[in-house]
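Working through the structure, step by step
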Amino acid sequence: MVVSARVEASQIGSDILAKGGNAFDAMVATEMALAVTYPFAGNLGGGGFMVYRKSNGDVGGIDYREKAPLSGHKDMYLDSLGKVIPDMSTKGATAVGVPGTIAGIFEVHEKFGSLSMEELLAPVIALAEKGVVVTENQANRFENYRESILEVNDGITSFPIGCKAGDTLKYPVLANTLRRISKEGRDGFYKGETAKILSNFIQEKGGFITEEDLAKYEAKWRQPIIFNYKDLKIISMSPPSSGGVTINQIFKMMEPYDIAEFGHNSAKTIQLFTEASRRAYADRNYFLGDPDFVEIPLDVLLSQSYLMERMENFSFDSATKSADVSHGEIEILESMETTHYSIIDAEGNAISVTTTLNGAYGSKLYCDELGFFLNNEMDDFSAKPGVPNMFGLIGADANSIAPEKRMLSSMTPTIVEKDGQLYMVVGTPGGSTIITAVAQTILNTYEFNMSMQESVNAPVFIINGYRIWSFSNPKGFRTHSKKN
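Quick summary incoming for the structure in this document. Chains are numbered independently. Their residues run from 1 in the order of the written sequence. Thresholds applied to this predicted model are a pLDDT of at least 70 for local features of residues and 80 or more for the giving and counting of side-chain atom pairs; totals over whole chains, interfaces and linings are not thresholded and use all residues. Side-chain numbers come from the whole structure's heavy atoms, not from hydrogens or water.

This part covers the overall build of the protein chain. To qualify as a helix, a DSSP run of H or I must reach at least 4 residues; to qualify as a strand, a run of E must reach at least 2; elements of each kind are numbered from the N terminus. For the protein chain, the helix and strand inventory stands at 16 helices and 17 strands. Radius of gyration here is computed from C-alpha atoms only, and the compact-globule reference equals 2.2 Å multiplied by the residue count raised to the power 0.38. Taking 2.2 N^0.38 as the reference for a compact globule, 484 residues should give roughly 23 Å; the C-alpha atoms of the protein chain span a radius of gyration of 21 Å, in line with that estimate. Dimensions along the principal axes, computed over C-alpha positions, put the protein chain at roughly 60 × 60 × 40 Å. Should any heavy atoms of two residues lie within 4.5 Å, those residues are considered in contact. Considering only contacts within the protein chain whose residues lie at least 6 apart along the sequence, 71% involve residues at least 24 apart. Surface exposure of the protein chain reaches about 18500 Å², of which carbon and sulfur atoms provide 51%. Within this scheme the basic residues Lys and Arg register as positive and the acidic residues Asp and Glu register as negative, but His and the chain ends are omitted. One atom stands in for each charge, and that atom is NZ of Lys, CZ of Arg, CG of Asp or CD of Glu. Charge separation in the protein chain, taken as the distance between the mean sites of 44 positive and 60 negative side-chain charges, equals 3 Å. Accessible areas in this description were obtained via Shrake-Rupley with a 1.4 Å probe; residue shielding takes into account the shown protein chains only.

Here's what the structure looks like:
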């Protein structure tokens with residue numbers, strides 16, 4: 001099975017499985033097919049995370065999150081008075097981090113792939129040349145972001161933002177870029193012609209990424225965060241993803257309570273989940289960052305004694321005041337413009353992948369010569385500790401900018417075992433709301449005996465430091481509680 005945001009990408013991934021490829025082969029093809037079919041978030045110019053569980057129970061994860069350029073420094077988005085410069089980390093070339101997606105798929109393929117890269121990319125290249133039919137949602141997105149894309153690209157772009165639902169979009173330039181990657185390997189992106197075009201384009205637009213930045217980029221294998229919740233074993237991504245640590249804290253703070261007895265989305269269940277989440281997000285924002293640059297006290301943050309202490313002032317009688325949640329009030333209003341896909345092959349190998357450009361169409365900067373959008377992931381750093389980014393998240397020194405550092409992320413690709421067997425492969429778009437959405441999906445299935453489809457269909461609530469938001473469809477939100 002392959003589950004993704006576009007049927008064409010899922011079809012290409014499942015065709016790879018039918019051809020004899022494994023889940024990791026299908027990952028490569030699906031990831032690249034999303035770059036063709038879903039430019040809103042699918043990408044060559046962004047990055048992501050993957051967690052895997054092989055059929056023999058072995059688990060692992062890969063971090064292909066973007067990096068700050070070599071010229072990056074903690075004050076690069078501040079003016080002479082020390083104030084954050086508006087839009088500099090969110091729009092255009094100055095917002096772009098060094099992309100990691102291509103390095104990620106090549107690392108995965110080298111370690112686990114069974115089919116050749118040429119076989120995996122051939123149907124993607126064919127799809128880019130044949131074209132993709134525009135859906136109504138896609139046409140609406142093109143219209144909604146038309147002006148901002150034109151603004152960033154000086155009023156001219158070859159990206160077809162003027163198309164309508166039912167039109168067929170062909171991407172011959174992107175097909176050529178993919179063909180070069182297929183022939184030359186990862187060097188077909190990070191060195192040579194593509195790297196020269198990309199770095200020159202970014203610098204001409206005022207950005208920072210150089211050929212050296214691209215040549216030095218490496219994806220990194222990381223040990224996932226693994227913990228038990230009652231009789232479940234949960235395997236989720238480790239820093240610089242904040243997902244695994246935060247969901248671990250939330251579940252462990254909730255574990256002493258019988259939420260099945262409280263009932264699905266009951267007042268008690270929502271209050272307990274909310275208070276645990278607020279404490280976990282306070283820790284997330286203060287302590288977490290790139291583990292290659294900062295010392296993260298995971299042994300303390302994930303210890304039972306610490307988490308019990310965090311919940312000492314919790315009571316069902318009243319909400320904890322925001323001022324009493326350590327490290328200050330927390331806003332959780334991050335971008336929804338990410339995409340997730342999950343794959344299981346016939347042997348039982350499972351992968352969970354979340355990938356993004358950050359905002360919708362990333363920085364809105366489109367490279368006409370290469371055929372893809374570039375990310376605006378530099379905004380996920382703390383441009384200035386204590387000042388919210390474009391999505392309201394407040395960071396600390398642990399997530400300040402440094403050369404080649406990876407920015408903190410909320411992406412939460414997750415795999416769950418029950419009784420030693422594969423139980424769930426889960427993940428979602430939604431920025432910092434990813435973590436709570438993934439947690440609720442797991443709880444819905446395990447605690448409230450819902451099927452996977454029922455769990456996905458069920459109303460969920462999104463939490464920030466001020467309100468609980470509940471929704472049962474993508475058309476809007478309804479507020480259910482006031483501050484504190």
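This is not the end of the story, as more comes after the structure.
Here we come to the packing of helix α2 (residues 23-37) against helix α4 (residues 117-130). Helix axes use the C-alpha atoms of the stretch in contact, all axes being lines fitted to C-alpha atoms, and the angles between their N-to-C directions lie in the range 0 to 180 degrees. Direction vectors running N to C along α2 and α4 enclose 20°, while the axes themselves pass 9 Å from each other. Taken as axis vectors, α2 and α4 run roughly parallel relative to one another. Regarding α2 and α4, the two cross each other, and that crossing is right-handed. On the side of α2, the interface is formed by Asp 25, Val 28, Ala 29, Met 32, Ala 33, Val 36 and Thr 37, while α4 contributes Met 117, Leu 120, Leu 121, Val 124, Leu 127 and Ala 128. Looking at the contact of α2 with α4 residue by residue, the class counts come to 11 nonpolar, 1 polar and 1 charged. Should an angle fall under 35 degrees it is called roughly parallel, over 145 degrees roughly antiparallel, and 65 to 115 degrees roughly perpendicular, with every other angle called oblique. Note: crossing handedness is left-handed where the near helix turns anticlockwise from the far helix by less than a right angle, and right-handed where it turns clockwise. Residues are grouped as follows: Ala, Val, Leu, Ile, Met, Phe, Trp, Tyr, Cys and Pro are nonpolar; Asp, Glu, Lys and Arg are charged; every other residue, Gly included, is polar.

For strand β9 (residues 338-344), the tally of buried residues reaches 6 of 7 residues, placing the bulk of the element in the interior. Pairing of strand β1 (residues 2-3) with β9, which is carried by 2 bridges, proceeds in the antiparallel orientation. Each residue of the ladder has a partner; that of Val 2, found in β9, is Ile 343. Linking two consecutive strands that pair antiparallel, namely β9 and strand β10 (residues 350-356), is a turn of 5 residues; a positive phi of about 100° is found at Gly 348 within it. Throughout, exposure labels follow a simple rule: accessible area from a 1.4 Å probe, protein chains only, divided by the maximum for the residue type, with under 20% read as buried, over 50% as exposed, and the rest as partly exposed. One requirement defines pairing of two strands: DSSP has to find at least two bridges between them.

Before going further, it helps to examine the packing of aromatic side chains. Think of a pair of aromatic rings as described by two things: how far the centres are apart, and how the planes are tilted against each other in angle. Pairing of aromatic side chains requires ring centres within 6.5 Å, counting the rings of Phe and Tyr and the six-membered ring of Trp. Pairs whose planes differ by under 30 degrees are stacked, by over 60 edge-to-face, and all others tilted. Applying the stated criterion to the full structure yields 27 aromatic pairs. For the ring pair Tyr 38 and Phe 40, a centre distance of 5.9 Å and an interplane angle of 70° mean the geometry is edge-to-face. Note on accessibility: Tyr 38 and Phe 40 belong to one class, buried. A connected cluster of aromatic rings, assembled from ring pairs, spans Tyr 38, Phe 40, Phe 142, Tyr 145, Phe 159, Tyr 361, Tyr 366 and Phe 373. By the criterion adopted, a ring carries a charge over it if an Arg CZ or a Lys NZ lies within 6 Å of its centre and within 35 degrees of its normal. Above the ring of Trp 221, the side-chain terminus of Lys 111 is found at 4.3 Å from the ring centroid.

Our focus in this paragraph is the pairing of strand β14 (residues 421-426). Here strand β13 (residues 414-418) runs beside β14; their pairing, made up of 5 bridges, is antiparallel. Note that in β14 the partner of Val 416 across the bridge is Met 424. Between β13 and β14, which pair antiparallel one after the other, the connecting turn spans 2 residues, and Asp 419 there sits at a positive phi close to 55°.

Reading across from one edge, β7-β8-β13-β14 is the order of the 4 strands in this open sheet, with antiparallel pairing throughout. The outermost strands of the open sheet, each flanked by one partner alone, are β7 (225-229) and β14. This sheet shows a mean twist of 20° between the axes of neighbouring strands, independent of strand direction. In this structure, strand β8 (residues 232-236) lies alongside β13, joined through 5 bridges in antiparallel fashion. Bridging across to β13, Ile 234 finds its partner in Val 416.

This next bit is on the nonpolar core. Core analysis: the largest hydrophobic core is formed by 82 residues, its most contacted members being Met 27, Val 36, Leu 44, Met 50, Ile 102, Ile 343 and Ile 351. Looking at which element gives the most residues to this core, the answer is α2, with 11 residues. What makes a nonpolar core is a set of buried Ala, Val, Leu, Ile, Met, Phe, Trp, Tyr and Cys residues whose side-chain atoms join them at distances within 4.5 Å. One finds Ile 247, Val 294, Tyr 446 and Met 450 within the second-largest nonpolar core, a separate group that totals 51 residues.

In this section: the side chain of Thr 433. Summarising the element assignment, Thr 433 is placed in helix α15 (residues 433-446). Classification of Thr 433 as buried rests on a relative accessible area of 7%.

Here we come to the pattern of salt bridges. Here a salt bridge means any side-chain nitrogen of Lys or Arg lying within 4 Å of a carboxyl oxygen belonging to Asp or Glu. Taken as a whole and judged by the stated rule, the model has 23 salt bridges. The closest approach of N and O atoms between Asp 63 and Arg 406, which form a salt bridge, is 3.5 Å. Here Asp 63, found in strand β3 (residues 59-64), pairs with Arg 406, found in the loop between β12 (372-373) and β13; they are 343 residues apart in sequence, far enough to count as distant. Between Lys 230 and Glu 447 there is a salt bridge, and its shortest N-O distance comes to 2.7 Å. Of the two residues, Lys 230 is situated in the loop between β7 and β8 and Glu 447 in the loop between α15 and α16 (452-457); the sequence distance between them amounts to 217 residues. Classification of Glu 447 by relative accessible area gives buried; the value is 8%. Each of the salt bridges in this network shares a partner with another, and the network as a whole consists of Asp 63, Lys 220, Arg 222, Asp 290, Asp 292 and Arg 406.

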